[in-house]
Amino acid sequence: AGISPKSHNQERLGCLNGDIKAWRDVFEINFYAPLKLGNGFATALANGKGSIVNVTSIAGHKIHPFAGSAYSTSKAALSALTREMANEFSGLQVRVNAVTPGEISTEMIQPEYEMLIPRIPLNRIGTPQDVAHTIYHLCSEKADNITGTDIWVTGGLHII
């Protein structure tokens, strides 16, 4: 889950044109919700040998032409929170990781995103299934010794 509000004329909301209430709303969904859920389900996760996978964004690691500043900083904060949670939840034997998608074909993608495809080494926008498969792997026994990690699902966009 994540929200990235735009201005009334659909431009990215930045530090200079963004309303502070919009910033709070973005952080509530993109940062505080995963923190509250992890905290609230900690005992159940420990009892069930569960794991947590946060969904961050490539925009949390580099300037993105369409994602706003509130979205980007909330996702950067979520990456840091993932590492902190991995450290603290390790005492409960609960693994905490993050998946960091790039351009994924969801409702957030607009027609102007097509111009980004030539910059993606795999030359395509990712699918929700690409992200879901990575999340599934991180929750499986095959990833039993992985915690505190960010897995990039970007088609290689993050390497450029």
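Residues numbered from 1 in each chain as written. Predicted model: local features only at pLDDT ≥ 70, side-chain atom pairs only at ≥ 80, totals over all residues. Heavy atoms only, no water.

Helices and strands together make up the secondary structure of the protein, namely 4 helices and 3 strands. Seen in sequence order, the protein has helices and strands lined up from the N terminus as α-α-β-α-β-α-β. A buried classification covers 41% of the 160 residues belonging to the protein. Across the protein, every contact between residues at least 6 apart in sequence was considered, and the portion connecting residues at least 24 apart equals 73%. A total accessible area of about 9300 Å² is found for the protein, and carbon and sulfur atoms account for 58% of it. (Helix = DSSP H or I, 4+ residues; strand = E, 2+ residues; numbered from the N terminus. Buried < 20%, exposed > 50% of the residue type's maximum accessible area, 1.4 Å probe, protein only. Contact = heavy atoms within 4.5 Å. Areas by Shrake-Rupley, 256 points an atom, 1.4 Å probe, with all protein chains shown as cover.)

This brings us to the sheet that holds strand 2 (residues 95-101). Spatially, the 3 strands line up as an open sheet ordered 1-2-3, and their pairing is parallel. In this open sheet, the two strands that pair with only one neighbour each are strand 1 (51-55) and strand 3 (150-153). For this sheet, the mean angle separating the axes of adjacent strands, direction not counted, is 25°. When strand 2 meets strand 3, the two strands line up parallel, connected through 4 bridges. In the strand pairing of strand 3, Thr 100 is matched with Trp 152. Helix 3 (residues 69-89) rests against strand 1, strand 2 and strand 3 of the sheet, and its axis sits at about 170° to strand 1. Contacts between helix 4 (residues 128-139) and the sheet are confined to strand 1, strand 2 and strand 3, with strand 2 contributing the most and set at about 165° to the helix. (Pairing = 2+ DSSP bridges. Axes fitted to C-alpha atoms, helices over the stretch in contact; angles between N-to-C directions.)

Right, let's talk about helix 4 for a bit. In this model, helix 4 (12 residues) spans 17 Å end to end at C-alpha, consistent with the 16 Å of a helix rising 1.5 Å per residue. Taken together, the buried positions of helix 4 are occupied by Val 131, Thr 134 and Leu 138. Taken around the axis of helix 4, the buried residues stretch over an arc of 65°, which confines them to a single face. Exposed positions of helix 4 whose direction lies more than 90 degrees from the buried face are His 133 and Tyr 136. (Expected span 1.5 Å × (residues − 1). Arc of directions from axis to C-beta.)

Our focus in this paragraph is the nonpolar core. Core analysis: the biggest nonpolar cluster contains 15 residues, and Ile 52, Leu 81, Met 85, Phe 89, Val 94 and Val 96 have the highest contact counts within it. For this core, the secondary-structure elements that each account for two or more residues are helix 1 (20-40), helix 2 (42-47) and helix 3. When residues in this core are grouped by element, the largest group, 6 residues, is from helix 3. Residues contacting Val 96, with those up to four places away along its chain left out, are Ile 52, Asn 54, Thr 82, Met 85, Ala 86, Phe 89, Thr 147, Gly 148 and Thr 149. (Core = buried A, V, L, I, M, F, W, Y, C linked by side-chain atoms within 4.5 Å.)

Most of strand 1 is tucked away: 4 of the 5 residues are buried. Note that strand 1 and strand 2 share 5 bridges and pair parallel. Pairing of Ser 51 across the sheet is with Arg 95, part of strand 2.

Worth remembering: the numbers are spatial, not functional.
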